[in-house]
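# Commentary on secondary and tertiary structure
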Amino acid sequence: MQKLPKKQVGTAGQGGMSYKYMSCNDGHYLVFLDNEKNMSLPDNKRPYMHNDGAGAFLTTYLIEDKKEVLRK
């Protein structure tokens, strides 16, 4: 099992927070807004917090069923 780095906080309801799950073509996709500092986060570091409304980048993780590979 591999953890996906994600840490969010906000005060205006859901806004640009949470995530979207999609399944298609033998793969699973998780899509969410994230702090740009997490783009090159080492595996042994905790994710930087994304504050809703403070700007972010779109992150997508692909988990492939057949190959059991996680791609960012």
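Residues numbered from 1 in each chain as written. Predicted model: local features only at pLDDT ≥ 70, side-chain atom pairs only at ≥ 80, totals over all residues. Heavy atoms only, no water.

This brings us to the overall build of the protein chain. Counting secondary structure elements, the protein chain contains zero helices and six strands. Going residue by residue from the N terminus, the α and β elements of the protein chain occur as β-β-β-β-β-β. Partitioning the contacts of the protein chain with sequence separation of at least 6, the portion at a separation of at least 24 is 54%. For the protein chain, the accessible area works out to roughly 5600 Å², and carbon and sulfur atoms hold 50% of it. (Helix = DSSP H or I, 4+ residues; strand = E, 2+ residues; numbered from the N terminus. Contact = heavy atoms within 4.5 Å. Areas by Shrake-Rupley, 256 points an atom, 1.4 Å probe, with all protein chains shown as cover.)

According to the stated counting rule, one finds one aromatic pair in the structure shown. An angle of 20° between the planes, with centres 6.1 Å apart, marks the rings of Phe32 and Tyr61 as stacked. Here the residue Phe32 occupies a position in strand β3 (residues 27-34), and Tyr61 occupies one in strand β5 (residues 57-64), the gap between them amounting to 29 residues. Judged by relative accessible area, Phe32 falls into the buried class, the value being 5%. By relative accessible area, which is 5% here, Tyr61 ends up buried. Directly above the aromatic system of Tyr48 lies the positively charged group of Lys37, at a separation of 5.2 Å from the ring centroid. (Phe/Tyr/Trp six-rings, centres within 6.5 Å; stacked < 30°, edge-to-face > 60°. Buried < 20%, exposed > 50% of the residue type's maximum accessible area, 1.4 Å probe, protein only. Lys NZ or Arg CZ within 6 Å of the ring centre and 35° of its normal.)

Positionally, Leu62 belongs in strand β5. Its relative accessible area of 14% is what places Leu62 among the buried residues. Separated by 35 residues in the primary sequence, Leu62 and Gly27 place their C-alpha atoms 6.5 Å from one another.

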